[in-house]
Amino acid sequence: MSTALTGRLAPSPTGAQHVGNARTYLVAWLSARAQGGAVKLRIEDIDSPRIKPGAAEQAITDLRWLGLDWDGEPVIQTTRLPHYEAALEVLRRNELVYPCTCTRSDISSAASAPHAGEEVTYPGTCSHRCVADAMKLLAEGKPFAWRFRVTESVPFTDLCAGEQHIDVKHAGGDFVVWKNTGTPAYQLAVVVDDAAMGITEVVRGDDLIPSTPRQLFLYRALGLSEPRFAHVPLVVGEDGRRLAKRHGDTRLAALRDAGVKPESLVGLLAWSCGWLARPEPITPRELLPRFRLESIPAKPFALTAELLRVIGYFA
Ligand code: GLU
Ligand code: ZN
């Protein structure tokens, strides 16, 4: 097995890490380590208005508490702006992006109404612009974003979710790589960073499946080699909805403060992934020989109050 494999943990300090995040981190860590690979840590803190003070340190505490480790120092996105700017410059030089002055409400009123659960597709209002038009907008003091010109989407094979055919042109359309606030968008930053960090395997929540074809556009446009992807089904509450406050306090810090042992939580998560017959305490390291990506159920894991009681958490 190649030792060049490198995985990553990429928490966003926009809030606390909860049991759902923990499950994804556990899978990402086990997958990399079980293949003899490296694990890198990246703090995704460019989404400035949503970043919570102390949340990055808290995420690191949570990951260590779970028993996960990583190689080298954490990579902090807010220290890497010049790299994102350089990537944007490549996209500009190749006319792969154009300046967009649309507001959110411009877009929703110009776009045809999306079907339930679908995102609004950018109607292409500004796609007649070329890169040089940005000079005029700058002179006029008009804020603008940079949008990537989407072409035909390429299908990709997800290690968990299988073949994915997502037509970005009709599901979202041209997407923002640089926000009108002057900061890089997630899609650009994550590609620049994963490439710079030598990431060859991306394991993350399946809510990010629609981001992947967009990121693949950027890998190709920037001449970077793409990693493999495994999108893990999310953790939901008893009602089948995405884990949230209404399901009680499932923050890792709350479990820790309540005296829950990390091995108990890891055991519950390992059982949910099909690596244990019963939820019983175990460490990530002890799980290495049991890890199999294929045994993770395709449907979301429903975290019930009953299961939390099993690990000694009475929220
Ligand atoms: N920072 C993102 C999150 O916490 C993950 C992004 C990624 O893995 O590409 O949901
Ligand atoms: Zn526009």
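Heads up: the structure comes first, above all this text.
Quick caveat: nothing in here was measured; it's all calculated off a predicted structure.

Colleague: Help me understand unusual backbone geometry, please; the structure alone is not making it clear to me.
Modeller: Among all residues save glycine, negative phi is the norm, and among peptide bonds the norm is trans. Phi at Glu 95 is positive, roughly 55°, even though this residue is not glycine. For Glu 95, a relative accessible area of 36% corresponds to the partly exposed category.

Colleague: What exactly am I supposed to notice about helix H2 (residues 55-66) here?
Modeller: In an α-helix, one full turn covers 3.6 residues, which means residues spaced three or four apart are oriented alike. Spanning 12 residues, H2 covers 16 Å between terminal C-alpha atoms, matching the ideal 16 Å at 1.5 Å per step. If you check which residues of H2 are buried, you get Ala 55, Ala 56, Ala 59, Ile 60, Asp 62, Leu 63, Trp 65 and Leu 66. The inward-facing, buried residues of H2 contact strand S1 (6-9), helix H1 (19-34), strand S2 (38-43), helix H8 (252-257), helix H9 (262-272) and helix H10 (284-287). Positive backbone phi, at 100°, marks Gly 67, one or two positions downstream of H2.

Colleague: Is there a simple way to think about the sheet that holds strand S5 (residues 145-148) in this case?
Modeller: As a general point, the strands of a sheet are linked pairwise by backbone hydrogen bonds and lie either parallel or antiparallel. Reading across from one edge, S4-S5-S8 is the order of the 3 strands in this open sheet, with antiparallel pairing throughout. The open sheet has two free edges, formed respectively by strand S4 (97-100) and strand S8 (175-178), since each of these has just one partner strand. Neighbour-to-neighbour, the strand axes of this sheet turn through a mean angle of 45°, independent of strand direction. In this structure, S5 lies alongside S8, joined through 3 bridges in antiparallel fashion. Among the inter-strand pairings, Phe 148 is bridged to a residue of S8, identified as Phe 175.

Colleague: It is not clear to me how the sheet that holds S2 should be interpreted in this structure. Could you clarify?
Modeller: Taken in spatial order, the 3 strands line up as S1-S2-S3 in an open sheet, and their pairing is parallel. Edge positions in the open sheet fall to S1 and strand S3 (75-76), since each of these has one partner strand only. Pairing geometry for S2 and S3, over 2 bridges, is parallel. Paired with Arg 42 across the strands is Val 75, a residue of S3.

Reading the values: the criteria
- Residues numbered from 1 in each chain as written.
- Chains lettered and ligands numbered in written order.
- Predicted model: local features only at pLDDT ≥ 70, side-chain atom pairs only at ≥ 80, totals over all residues.
- Heavy atoms only, no water.
- Buried < 20%, exposed > 50% of the residue type's maximum accessible area, 1.4 Å probe, protein only.
- Helix = DSSP H or I, 4+ residues; strand = E, 2+ residues; numbered from the N terminus.
- Expected span 1.5 Å × (residues − 1).
- Contact = heavy atoms within 4.5 Å.
- Pairing = 2+ DSSP bridges.
- Axes fitted to C-alpha atoms, helices over the stretch in contact; angles between N-to-C directions.

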